[in-house]
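One-letter residues, chain by chain:
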Amino acid sequence: MPNLKDAIIEVVSAEMPVDERLMIKKHRIIGTDKTIGKRICIVTGIHGDELEGQFVCYEVSRRIHENAGALKGIVDIYPAMNPIGIDSVTRGIPAFDLDMNRIFPGNSDGDMNEYVASEIIKDCRGADLCIDIHASNIFLTEVPQIRINELHKESLIPLAKQANMDFIWIHGNNTVLKSTFAYSLNSIQVPTLVVEMGVGMRITKEYGIQLADGIFSLMNYLEMWTDSNMNKKTPIISYDQDGTDVIYLNAPVSGVYVKERDHGSIVHRGDKIGNIIDPLGGKILFEVTAPDDGWLFTSREYPIVDAGSLVGRILKKEVYEK
Amino acid sequence: MTEEILFQIKALYRDDFRIRGYRFGNGEDSVCIMGSMRGNEYQQIYACALMIDKLKRLEEKGRISKNRSVLVIPCANPYSVNTKKRFWTVDNTDINRMFPGYSLGETTQRIAGGIFDEIKKYKYGVQFASFYMPGYFVPHIRMMKTGRENIELAKQFGLPYVVLHHPRPFDTATLNYNWQIWNTDAFSIYTTSTGNIDKKSAEQACDAILNFMSKQEIISFRSYEGYISRVVESKDFITIRAEKAGFFESCVSAGGKVTKDNLLAVIKDPYTLRVHQEIYSPQSGIVAFVHNETLAYQNTAVIKLIEDEDML
Ligand SMILES: [Zn+2]
């Protein structure tokens, strides 16, 4: 059995006020064949309440060790970009009430968080591919998908097609997104795919396996992994720069949402998707129905809704039939 | 004075979410004053309450000009104040990152949209704002450099400083930025505090707004002369950071004058009280910002200075 080189490396650390260091660590696996100088970064946990990527990190590492001879180049696995968030069931950075995905590319002279962000970018610089795994949030469940900013679509779509995902959603540019991890890396020519799948605070094992398959397919595409038998789905692609491919279902009233249809369902105009109920009055406040035929790729998981809360997203039928 | 509900959401179990406005005078929509949008902005609510009291008395004396009206919104987020959460109670989003809003969107987009529909038509917009870092500030007017900012107007508040700052990506979704884009002359006014009430600086901010309104002939009021504002760019602030994390003890207060080598603050080891860092002033100037929490994290900007070579 050929030997892999394995190391746990501290990417960046900072001192916390009382007897603790904040540490971001990665697992570096170096393949036996050094002729290919490529590197892939698998990143997750920027949002501390999104845990789907935890299983993926483990699974990728497990499969590499099972088939060590197949790896060429370097795999860097970063399972916890926001470790104190993960530890404290917090989406953002605890104590700062800050969304870590709004502080990139960071600043080496900035505060602790900006410094950490800048060191992370430094560490990923030069990689041939980065996969940033998210898990929607605690409110919504998503089918496995890749989201792509229209600015980076040329370089990313060919890669995204290799990733064994159900859906690729190319969306319009938005100034606010400039401070995301993916945007920062894509701007320095590190192709970065943002995966959204499953739901916050949970692990959906089948999705983890699907994405792990996709990561090996991508590594194979980059000639970093030799294996003839790859799982690779053909994804539905939405070129949605103008934002017209998707119907957003927002709750018109506050209440408790009880879903009737799961994410991933094909729905027809008029189909009931869920009810917003009033447990106090024992009534249905609103029936959520499909305004048009399509694919329910997002559905609400967390039952409490305010007026405006998203309860689902439908990709229009004409888009995936094309 | 008339009191009205500007925006409302019916809730499941809580009392309805309401944004209340206080209107003075009649006719042209001249000035809108916005208070707290985050749950920790008590000073911003307090300053609006003071403003409501002053405007009420001016109105009773017939001092609000003909065909001029002023709207004060003390709080755009009572739910978060009442639950002591900084951001939106369900999804932790920030209303002041949702402008111009969207009436069919997510809850905080609807709130921002509902407010903005009411207030985008005003000629002047003044927001009692708070900084993203916990600390005390020298009172100032802050404007974003959108290309539409009117610095001469900002000076008419008569506060010691007008601070200009380049919008960062997330600033484009703030009220101030969108007011400017929709042709309102927008000013953010920073008083000293946020989570605790500083009566003196709230009073100073209200006087500054009255000054401004009197110069625009919206009210007739014997205005204070105020300061001749100095215009500074936020990037020119001298930032002093904690080299190590620990207990932070400040020796100066916001607005204080310092000369080179004055002791500004000390950072101590929480277990031994050994001094990690003594922070001395690198320059003469005014203390623009002081961190106000016991804990300082590594590299936190604990003090910001505005340089002033002429300080004696
Ligand atoms: Zn996320």
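Residues numbered from 1 in each chain as written. Chains lettered and ligands numbered in written order. Predicted model: local features only at pLDDT ≥ 70, side-chain atom pairs only at ≥ 80, totals over all residues. Heavy atoms only, no water.

The number of helices and strands found in chain B is six helices and 18 strands. Based on the C-alpha atoms only, the size of chain B along its principal axes is roughly 60 × 50 × 35 Å. Scored against the burial criterion, the 312 residues of chain B give a buried share of 55%. Long-range contacts, defined here as pairs at least 24 residues apart, represent 68% of the contacts in chain B between residues at least 6 apart. Carbon and sulfur atoms form 48% of the exposed surface of chain B, whose accessible area is close to 13,400 Å². (Helix = DSSP H or I, 4+ residues; strand = E, 2+ residues; numbered from the N terminus. Buried < 20%, exposed > 50% of the residue type's maximum accessible area, 1.4 Å probe, protein only. Contact = heavy atoms within 4.5 Å. Areas by Shrake-Rupley, 256 points an atom, 1.4 Å probe, with all protein chains shown as cover.)

Our focus in this paragraph is the sheet that holds strand β16 (residues 304-305) of chain A. Residues and elements named next belong to chain A. Pairing is antiparallel in the open sheet, where four strands are placed in the order β14-β13-β11-β16. Each edge of the open sheet is held by one strand with a lone partner, namely β14 (283-289) and β16. The sheet contact formed by strand β13 (residues 272-278) and β14 spans six bridges and is antiparallel. Residue pairing across strands places aspartate 278 opposite lysine 283, the latter belonging to β14. (Pairing = 2+ DSSP bridges.)

Residues and elements named next belong to chain B. Along its sequence, chain B is organised into domain 1 (2-233) and domain 2 (237-307). Put simply, the middle of domain 1 and the middle of domain 2, counted by C-alpha atoms, are 30 Å apart. Counting residues at the interface gives 13 residues for domain 1, matched by 15 residues for domain 2. Note on domain 1 versus domain 2: buried area summed over both sides is about 1,200 Å², and carbon and sulfur give 67% of it. On inspection of domain 1 and its partner domain 2, the count reaches zero salt bridges. Broken down by secondary-structure element, the contributors of at least two residues to the side of domain 1 that touches domain 2 are β6 (135-137), β8 (161-165) and β10 (230-233). (Domains from an automatic or database assignment. Buried area = accessible area lost by both parts, 1.4 Å probe. Salt bridge = Lys/Arg side-chain N within 4 Å of Asp/Glu carboxyl O.)

Take the pairing of strand β7 (residues 167-171) of chain A next. All names here are of chain A. Burial within β7 is extensive, with five of its five residues counted as buried. By the alternation rule, side chains of β7 split into Phe167, Trp169 and His171 and Ile168 and Ile170, which are all buried. Two elements, strand β6 (residues 140-149) and β7, share five bridges in a ladder whose sense is parallel. In the sheet register, asparagine 149 faces β7, and the bridge partner there is histidine 171. Assessed by its sense of winding, the connection that carries the chain from β6 through helix α4 (residues 153-160) to β7 is right-handed. Of the strand pairs in this sheet, β7 and strand β9 (residues 236-240) are connected by five bridges, and their pairing is parallel. (Right-handed = clockwise from strand over helix to strand, strands pointing away.)

Okay, the domain arrangement of chain A next. Residue and element names in this part refer to chain A. Looking at the assigned domains, one finds that chain A contains domain 1 (5-240) and domain 2 (246-320). The centre of domain 1, based on its C-alpha atoms, is set 30 Å off from the matching centre of domain 2. Between domain 1 and domain 2, the contact holds 17 residues from the first and 16 residues from the second. At the boundary of domain 1 with domain 2, total buried surface from both sides reaches about 1,300 Å², with 68% on carbon and sulfur atoms. Contact with domain 2 buries surface across domain 1, with Phe139, Leu140 and Thr141 losing the most and accounting together for 37% of the total. Here domain 1 and domain 2 share one salt bridge between them. Taking the shortest distance from any N to any O, the salt bridge between arginine 313 and glutamate 142 comes out at 2.7 Å. Linking domain 1 with domain 2 are eight residue pairs in polar contact (both at pLDDT 80 or more). Elements that contribute at least two residues to the side of domain 1 that touches domain 2 include exactly β6, β7 and β9. Counting residues per element, the side of domain 1 that touches domain 2 draws most heavily on β6, which supplies six residues. (Polar contact = N/O pair within 3.5 Å; in protein donor to acceptor, adjacent residues only side chain to side chain.)

This part is about empty space enclosed by the protein. All names here are of chain B. Within the structure shown, the criterion is met by three cavities of 30 Å³ or more. Asn96, Ser130, Asp171, Thr174 and Tyr190 are, among the 22 residues lining the largest cavity, the residues nearest its centre. Of all the secondary structure elements, the ones that give two or more residues to the lining of the largest cavity are β5 (124-128), β7 (140-144) and β9 (185-190). Per-element accounting of the lining of the largest cavity gives the leading share, three residues, to β7. Split by residue class, the lining of the largest cavity holds nine nonpolar, seven polar and six charged. The computed volume of the second largest cavity comes to approximately 70 Å³. (1 Å grid on protein atoms, 1.4 Å probe; cavity = no way out; pocket = protein on both sides within 12 Å on 5 of 7 lines; lining within 4 Å. Points joined across faces, edges and corners; volume = space filled by probe spheres on them. Nonpolar A, V, L, I, M, F, W, Y, C, P; charged D, E, K, R; others polar.)

Before going further, it helps to spend a moment on the side chain of Asp76(A). Residues and elements named next belong to chain A. Relative to the assigned elements, aspartate 76 resides in strand β4 (residues 74-78). In terms of polar contacts, aspartate 76 uses its side chain to reach the side chain of lysine 26, at 3.2 Å. Side-chain polar atoms of aspartate 76 contact the side chain of arginine 39, separated by 3.0 Å. Apart from residues no more than four positions distant in its own chain, aspartate 76 is found in contact with Lys26, His27, Arg28, Arg39, Ile40, Cys41 and Ile42.

We now examine the packing of helix α1 (residues 52-66) of chain A against helix α6 (residues 205-221) of chain A. Residue and element names in this part refer to chain A. At their nearest, the axes of α1 and α6 sit 9 Å apart, and the two run at 50° to each other. Between α1 and α6, the angle is such that the two are oblique. Taken as a pair, α1 and α6 cross one another with a handedness that is right-handed. Contacts between α1 and α6 involve Phe55, Val56, Glu59, Val60, Arg63 and Ile64 on the former and, on the latter, Lys205, Gly208, Ile209, Leu211, Ala212, Asp213, Ile215 and Phe216. Taken together, the residues that form the contact of α1 with α6 break down as nine nonpolar, one polar and four charged. (Axes fitted to C-alpha atoms, helices over the stretch in contact; angles between N-to-C directions. Parallel < 35°, antiparallel > 145°, perpendicular 65-115°, else oblique. Left-handed = near helix turned anticlockwise from the far one by under 90°.)

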